[in-house]
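# Survey of secondary and tertiary structure
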Amino acid sequence: MTTNSHVVTLDLTGVADKAGLMDRVVSALGLPDWFGRNWDALADSLRDPSVWPPPAVDRGLLVVVTGWQEYAGARPEEWRVARDVLTRAAAGEPALTVALALG
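What comes next concerns the included structure. (Residues numbered from 1 in each chain as written. Predicted model: local features only at pLDDT ≥ 70, side-chain atom pairs only at ≥ 80, totals over all residues. Heavy atoms only, no water.)

## Side note on helix α1 (residues 18-29)
Going by this rule: Runs of E in the DSSP output that reach at least two residues are strands. Runs of H or I that reach at least four are helices, and both are numbered from the N terminus. Expected helix span is given by 1.5 Å per residue-to-residue step, counting one fewer step than there are residues. Using a 1.4 Å probe on the protein chains alone, a residue whose accessible area is under 20% of its type maximum counts as buried, one over 50% counts as exposed, and one in between counts as partly exposed. For this analysis, residues touch if any pair of their heavy atoms sits within 4.5 Å.
For α1, which comprises 12 residues, the first-to-last C-alpha distance of 16 Å matches the rise-based estimate of 16 Å (1.5 Å per residue) to within 8%. Of all the positions in α1, only Gly-20, Leu-21, Met-22, Val-25, Val-26 and Leu-29 are classed as buried. On its buried face, α1 is in contact with β1 (6-11), α2 (39-46), β2 (61-66), α4 (69-74) and α5 (76-92).

## Observations concerning the packing of aromatic side chains
What counts is decided by this rule: We call Phe, Tyr and Trp rings a pair once their centres come within 6.5 Å, taking the six-membered ring for Trp, and we label the pair stacked below 30 degrees between planes, edge-to-face above 60, and tilted otherwise.
Counted by the stated rule, this structure contains 2 aromatic pairs. Ring plane angle 10° and centroid distance 5.3 Å describe the contact between Trp-68 and Trp-79, whose orientation is recorded as stacked. On the criterion of sequence distance, the pair formed by Trp-68 in the loop between β2 and α4 and Trp-79 in helix α5 is long-range, its members being 11 residues apart. Trp-79 matches Trp-68 in its accessibility class, with the two residues each being buried. With centroids separated by 6.2 Å and ring planes inclined at 85°, the aromatic side chains of Tyr-71 and Trp-79 adopt a geometry described as edge-to-face. Judged by its relative accessible area of 0%, Tyr-71 falls in the buried class. Exposure remark for Trp-79: the relative accessible area of 4% places this residue in the buried category.

## Regarding α2
The following threshold applies: Distance and chemistry together define a polar contact, namely a pair of N or O atoms within 3.5 Å, with one atom able to donate a hydrogen and the other to accept it when in protein, and with adjacent residues in sequence counting only for side-chain atoms on both sides.
In terms of burial, α2 is a largely internal element, 6 of the 8 residues being buried. Listing the buried residues of α2 in full gives Trp-39, Ala-41, Leu-42, Ala-43, Ser-45 and Leu-46. Where α2 is buried, its residues meet α1, α4, α5 and β3 (96-100). Measuring from the backbone nitrogen of Asp-40 back to the side-chain oxygen at the start of α2 gives 3.1 Å, which picks out Asn-38 as the cap.

Here it is in structure tokens:
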């Protein structure tokens, strides 16, 4: 990540399930209508700068995940998968950084 990365906040406050999480991802990242709303599609989109918000294509993308604690507590297995997808995507795409906000 460079210091001038394009920052997107992925606010999961009030998210109760995977569908809600996917809706928030689509909204936060402005993903196209054809986005598949499943874990594989999420991983692919996070690793594909061509579907990122336009400013992120040249600058890199920093996704700050907020409000995730309630979802993680209510749906621990889904959250484990989501966290794994986010981690692997960031590890596989040097221009992508994902940060979990703790407070």
